[in-house]
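Read off the chains here:
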Amino acid sequence: GENVEQHPSTLSVQEGDSAVIKCTYSDSASNYFPWYKQELGKGPQLIIDIRSNVGEKKDQRIAVTLNKTAKHFSLHITETQPEDSAVYFCAATPLGNSGYALNFGKGTSLLVTP
Amino acid sequence: GAVVSQHPSRVICKSGTSVKIECRSLDFQATTMFWYRQFPKQSLMLMATSNEGSKATYEQGVEKDKFLINHASLTLSTLTVTSAHPEDSSFYICSAPRTGESNEQFFGPGTRLTVL
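The structure contained in this document is the topic of the report that follows. Everything numeric in this text was worked out from a predicted model, so none of it was measured.

Now for the pattern of salt bridges. Residues and elements named next belong to chain A. With the rule as written, the count across this model stands at 7 salt bridges over all chains. Linking R61 and D84 is a salt bridge whose minimum nitrogen-to-oxygen distance equals 2.9 Å. Highlighted residues: R61 in the loop between β6 (56–59) and β7 (62–67) and D84 in the loop between β8 (72–77) and β9 (86–92), separated in sequence by 23 residues. Overall, the relative accessible area of 21% leaves R61 in the partly exposed class. Because the salt bridges share partners, they merge into one network encompassing K37, E39 and K42.

We now examine the interface of chain A and chain B. Every contact between the two is made by 21 residues of chain A and, on the other side, 19 residues of chain B. Summing both sides of the interface, chain A and chain B together bury roughly 1500 Å²; the carbon and sulfur share of this comes to 53%. The largest per-residue losses of area from chain A upon contact with chain B belong to A:P44, A:Y100 and A:F104, which jointly make up 29% of the total buried on that side. In this assembly, chain A and chain B are joined by 0 salt bridges. Where chain A touches chain B, the interface holds 5 residue pairs in polar contact (both at pLDDT 80 or more). Broken down by secondary-structure element, the contributors of at least two residues to the side of chain A that touches chain B are β4 (32–38) and β5 (45–51) of chain A. A total of 3 residues in the side of chain A that touches chain B trace back to one element, the largest contributor, which is β4(A). Residue classes in the side of chain A that touches chain B are distributed as 10 nonpolar, 8 polar and 3 charged.

Each value, and the rule that gives it
Residue numbers run consecutively from 1 along every chain, following the written order of its sequence. Think of it this way: whatever chain is written first is A, whatever ligand is written first is 1, and the rest follow in order. Given that this is a predicted model, residues contribute local features only at a pLDDT of at least 70 and side-chain atom pairs are listed and counted only at 80 or more, while totals for whole chains, interfaces and linings are drawn from all residues. As a convention, hydrogens and water are excluded, and side-chain values are obtained from all of the structure's heavy atoms. Note on definitions: salt bridges are taken to be side-chain nitrogens of Lys or Arg within 4 Å of carboxyl oxygens of Asp or Glu. Secondary structure elements are defined from DSSP: runs of H or I of at least 4 residues count as helices, runs of E of at least 2 residues count as strands, and each element is numbered from the N terminus. Per-residue accessibility, obtained with a 1.4 Å probe over protein chains only, is compared with the maximum for each type, and a residue is labelled buried under 20%, exposed over 50%, and partly exposed between these values. Contacts between residues were defined by any pair of non-hydrogen atoms, one from each residue, lying within 4.5 Å. Buried area is a sum: the accessible area each of two parts loses on coming together, probed at 1.4 Å, counted once for each and added. We define a polar contact as two N or O atoms separated by no more than 3.5 Å, with the added condition that, inside protein, one atom must be a possible hydrogen donor and the other a possible acceptor, whereas residues neighbouring each other in sequence contribute only through side-chain atom pairs. Only Asp, Glu, Lys and Arg are considered charged, only Ala, Val, Leu, Ile, Met, Phe, Trp, Tyr, Cys and Pro nonpolar, and every remaining residue, Gly among them, polar.

Set out below in structure tokens:
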């Protein structure tokens, strides 16, 4: 099955700096890579996703890059703000029409200090 | 975006009792829903896949007789934790993919179960 590794487990940055979280995956059949933000006591919220036919995707301060050859993908948050503080999870899965289960990384606890 | 709800959001029960958690897709139909469990400071672990009109499929190590799943309609899946014990205390989260479009998976807000 798929094995998703995520680093770092904790990350502390100052407000305004950039944050980068990296993930690797093992299953070459995986072709959908979402990133979720989870605040304490809440369910995960999708913040950005990328499919294997794209190398990079950007949405305002958030960007994701994908290297299929190396089987790794990264989340980039620029101009971080205190409200970005949360746990971030990467995931990987083959994308199918009948629904799919996500294989999650272990999460990165991001702290943005004012 | 699509909304998935869960009920209850928080439940405390005595050891040995059963607890039912509901997961609803509010504005789309979901033939498949997923149940995850999350222990403190850990990642989400898939427990089972709930299939409308057929039996759920369980991940290795998850007891199907303890975690009963019923996908009664295209918008509702229920997870019943039977004979709950303190080690079942966890954050239970459901999700539903909206197929046919982006296949994005939408998560519920989670249910915090505490077994005394």
